[in-house]
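What the coordinates show
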Amino acid sequence: EVPLVEESGGGSVQAGGSLRLSCAASQDTVSTHCMGWFRQAPGKEREAVATMNTDGSTNYASAMKGRFTISKDNAKKILNLQMDSLKPEDTAKYYCAAGLRWQYIGGRVVPICSLATDDFGAWGQGTQVTVFS
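The number of helices and strands found in the chain is one helix and 13 strands. Each helix and strand of the chain, placed in order from N terminus to C terminus, yields the pattern β-β-β-α-β-β-β-β-β-β-β-β-β-β. Computed over the C-alpha atoms, the radius of gyration of the chain is 14 Å, within 12% of the 14 Å expected from 2.2 N^0.38 for a compact globule of 133 residues. Projecting the C-alpha coordinates of the chain onto the three principal axes gives extents of approximately 50 × 25 × 25 Å. Buried residues in the chain amount to 41% of all 133 residues. Taking as baseline every contact in the chain between residues at least 6 positions apart, the subset at least 24 positions apart corresponds to 60%. When the accessible surface of the chain is split by element, carbon and sulfur atoms take 47% of a total near 6900 Å². Of the side-chain charges in the chain, 13 are positive and 13 negative, and the distance between the mean point of each set is 3 Å.

Strand order in the open sheet formed by four strands is S1-S3-S8-S7, and the pairing between neighbours is antiparallel. Two strands bound the open sheet, and with one partner strand each, they are strand S1 (5-8) and strand S7 (68-73). Taking the axes of each pair of neighbouring strands and ignoring which way they run, one obtains an average angle of 20° across the sheet. Pairing of S7 with strand S8 (residues 78-83), which is carried by six bridges, proceeds in the antiparallel orientation. Looking at the pairing, Asp 73 lines up with Ile 78 of S8.

One finds Met 35, Trp 37, Val 49, Phe 68, Leu 81, Met 83 and Tyr 94 to be the most contacted residues of the largest nonpolar core, which totals 27 residues. Broken down by secondary-structure element, the contributors of at least two residues to this core are strand S3 (19-25), strand S4 (35-40), strand S5 (47-52), S7, S8, strand S9 (92-99) and strand S13 (127-132). Ignoring any residue separated from it by four or fewer positions in sequence, one finds Phe 68 in contact with Arg 39, Val 49, Tyr 60, Leu 81, Gln 82, Met 83, Asp 84, Leu 86, Asp 90 and Tyr 94. Counting six residues, the second largest nonpolar core, distinct from the first, contains Cys 34, Phe 38, Cys 113 and Phe 120.

Calculation rules
- Residues numbered from 1 in each chain as written.
- Predicted model: local features only at pLDDT ≥ 70, side-chain atom pairs only at ≥ 80, totals over all residues.
- Heavy atoms only, no water.
- Helix = DSSP H or I, 4+ residues; strand = E, 2+ residues; numbered from the N terminus.
- Rg over C-alpha atoms; globule rule 2.2 N^0.38 Å.
- Buried < 20%, exposed > 50% of the residue type's maximum accessible area, 1.4 Å probe, protein only.
- Contact = heavy atoms within 4.5 Å.
- Areas by Shrake-Rupley, 256 points an atom, 1.4 Å probe, with all protein chains shown as cover.
- Lys, Arg positive; Asp, Glu negative; His and termini not counted.
- Charge placed at Lys NZ, Arg CZ, Asp CG, Glu CD.
- Pairing = 2+ DSSP bridges.
- Axes fitted to C-alpha atoms, helices over the stretch in contact; angles between N-to-C directions.
- Core = buried A, V, L, I, M, F, W, Y, C linked by side-chain atoms within 4.5 Å.

Purely geometric stuff here, so don't read any function into it on its own.
Here you go:
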């Protein structure tokens with residue numbers, strides 16, 4: 001079964017403000033897959049924001065580390081992104097995605113979880129975040 005994800009929570013905020021994005025995922029996707037947030041501004045390539053593995057470990061893009069926090073709730077099947085101290089350059093469409101690459105470690109098949117977009121294959125439609133001065 002192909003994982004399905006859907007983002008929500010985007011909007012327009014003043015610089016310095018905060019937003020909390022949520023991603024609802026199908027079945028047990030959140031608990032069994034690497035999950036990530038990515039963003040894409042007009043005219044630019046999609047870039048990673050943060051990712052989270054099944055064990056709760058995280059990866060943050062340097063530009064977002066310290067301002068953004070990725071979290072998940074396995075029981076509620078949601079992935080969240082808390083965004084604080086927003087800047088105009090954070091304006092972009094934000095996407096939730098589930099990883100589809102795996103590796104064999106310690107006799108177990110575990111998700112490959114990095115900041116590489118190629119590690120992800122199940123994408124949502126995106127939610128727009130606009131930060132104004």
